[in-house]
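# A closer look at the structure
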Amino acid sequence: MTAFPGSFIAVDWGTTNRRVFRIENGTVVATSRDGQGVTSLAPDTYPAEIAAIRARFGDLPILLAGMVGSTIGWREVPYVTAPAGFAALAEGLGWIDARTAIVPGVSLLTDSHADVMRGEEVQLLGAVAAGMAPADSLLCQPGTHCKWVRMAGGEIADFTTAMTGELFALLRGHGLLAAQLTADVTPGSAFREGVEAGKARDLAASLFGIRAAKLLGRRDDTDAASYASGLLIGSDVAARAGASGDVHVLADPALGELYAIAIAANGGAAHIVDSHAAFVAGIITLGQHIT
């Protein structure tokens, strides 16, 4: 094992894409993004991929985060148990060789709840380390599998995963409502109506209501996707953030705006955090913990 010096390469390696950063003395000096996610690679191709990254970005130590350390990635790295901070991640690194390491995910297991994350932990801890979110706060990471995370003392203390984005994708791709949900989602009145309906948390019945509204002429299909998105996000937010005050949302501006609308509708205040900046802050701080 080796300590990570001021210059190293970081890779945020997800399921469908990856982002590479060359970091020098705490600053990103080069970056790239491509579609070479873990589902597009066989395990025996990773050494060549790493060699290609070093050929482009420099012969430097590499710190890999995300699904590359999962059962579908290069090598499975065991989760560290919440509560977890940078020290726990550094201790749990999976070393490929003396200059290549994979960041572990974080798990949660109580008498009533089991959950896991992999990749999000770097962003979460980075947001706090960079002052983008308080050390004690509620963070939300929207996406295919939305994370709701309680930070305590700057560490990941508790979290819940909601399949909000995946449910929307499934509804769009299959089943009764698919033909109605082809339009783009916009943060207009239909989305806001869906958010209000989502507060009732009667999701199954409300989803069928989309079909009934079309048949009875109440809602045009141009608004159906926005309403359905509002319904799903509204239900998610109502269950996790109702009247909880500030919520720091790690997301791109478009998705962040949708969650901000739903959070405000439930009596909270959303603060949008740049998820890419949070990752960079997290991976740099993690590098400083590796000895």
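Structure: see above.
Remember, it's a predicted structure, so these values are computed and weren't measured experimentally.

### Some points on the environment of Gly165
Structurally, Gly165 can be placed in helix α4 (residues 164-173). Spatially, the C-alpha atoms of Gly165 and Pro142 are 7.7 Å apart, while their sequence positions differ by 23 residues. The residues contacting Gly165, other than those within four sequence positions of it, are Gly143 and Thr144.

### Things to note about α4
Within α4, the full set of buried residues consists of Thr164, Phe168 and Leu171. Looking straight down α4, one finds its buried side chains confined to an arc of 65 degrees; they lie on one side. Positive phi shows up at Gly175, right after α4, with a value of about 85 degrees.

### Overview of the pairing of strand β8 (residues 106-109)
Two strands pair when backbone bridges link them, and strand β5 (residues 80-81) and β8 are joined in this way by two bridges, in the parallel orientation. Looking at the pairing, Thr81 lines up with Ser107 of β8. With four bridges joining them, β8 and strand β9 (residues 114-117) adopt antiparallel strand pairing. Residue Leu108 lies in a different strand from β9, and its bridge partner there is Asp115. Two successive antiparallel strands, β8 and β9, enclose a turn made up of four residues.

### Considering the environment of Thr27
With respect to the helices and strands, the residue Thr27 is situated in strand β3 (residues 27-34). Relative accessible area serves as the criterion here: at 44%, Thr27 is assigned to the partly exposed category. Residue contacts for Thr27: discarding those within four places in its chain leaves Arg22 and Ile284.

### A closer look at the packing of helix α7 (residues 224-241) against helix α8 (residues 253-265)
Where α7 meets α8, the axes come as close as 9 Å, and the angle between the chain directions of the two elements is 55 degrees. Classed by the angle they form, the pair α7 and α8 counts as oblique. The handedness of the crossing between α7 and α8 comes out as right-handed. Seen from α7, the contacting residues are Ser229, Ile233, Gly234, Asp236 and Val237; seen from α8, they are Leu258, Tyr259, Ala262 and Ile263. Its residues assigned to classes, the contact of α7 with α8 comprises six nonpolar, two polar and one charged.

### Comments concerning the sheet that holds β8
Pairing is mixed across the open sheet formed by three strands, whose spatial order is β5-β8-β9. The sheet is open, and its two borders are formed by β5 and β9, each paired with just one other strand.

### What about the pattern of salt bridges?
Pairs may arise between side chains of opposite charge once their charged atoms sit close together. All chains considered together, the criterion is met by seven salt bridges. Residue Arg18 pairs with Glu49 through a salt bridge whose shortest N-O separation is 2.9 Å. On the criterion of sequence distance, the pair formed by Arg18 in strand β2 (residues 18-24) and Glu49 in helix α1 (residues 46-57) is long-range, its members being 31 residues apart. Glu49 gets classed as buried once you look at its relative accessible area, which sits at 18%. Between Asp221 and Lys214 there is a salt bridge whose closest N-O contact spans 3.0 Å.

### Notes on the nonpolar core
Ranked by size, the top nonpolar core spans 40 residues in total, and within it Leu63, Val103, Val106, Ile156 and Ile283 carry the most contacts. Ranked by the residues each element gives to this core, the list is headed by helix α9 (residues 275-289), at six residues. If near-sequence neighbours (up to four positions away) are discounted, Val106 is found in contact with Tyr79, Val80, Ala82, Ala84, Leu89, Asp115, Val116, Met117, Glu121, Ile156 and Phe159. Membership of the second largest hydrophobic core comes to 18 residues, among which are Trp13, Tyr46, Ile62 and Val77.

Cut-offs used in this document
Residues numbered from 1 in each chain as written. Predicted model: local features only at pLDDT ≥ 70, side-chain atom pairs only at ≥ 80, totals over all residues. Heavy atoms only, no water. Helix = DSSP H or I, 4+ residues; strand = E, 2+ residues; numbered from the N terminus. Contact = heavy atoms within 4.5 Å. Buried < 20%, exposed > 50% of the residue type's maximum accessible area, 1.4 Å probe, protein only. Arc of directions from axis to C-beta. Pairing = 2+ DSSP bridges. Axes fitted to C-alpha atoms, helices over the stretch in contact; angles between N-to-C directions. Parallel < 35°, antiparallel > 145°, perpendicular 65-115°, else oblique. Left-handed = near helix turned anticlockwise from the far one by under 90°. Nonpolar A, V, L, I, M, F, W, Y, C, P; charged D, E, K, R; others polar. Salt bridge = Lys/Arg side-chain N within 4 Å of Asp/Glu carboxyl O. Core = buried A, V, L, I, M, F, W, Y, C linked by side-chain atoms within 4.5 Å.

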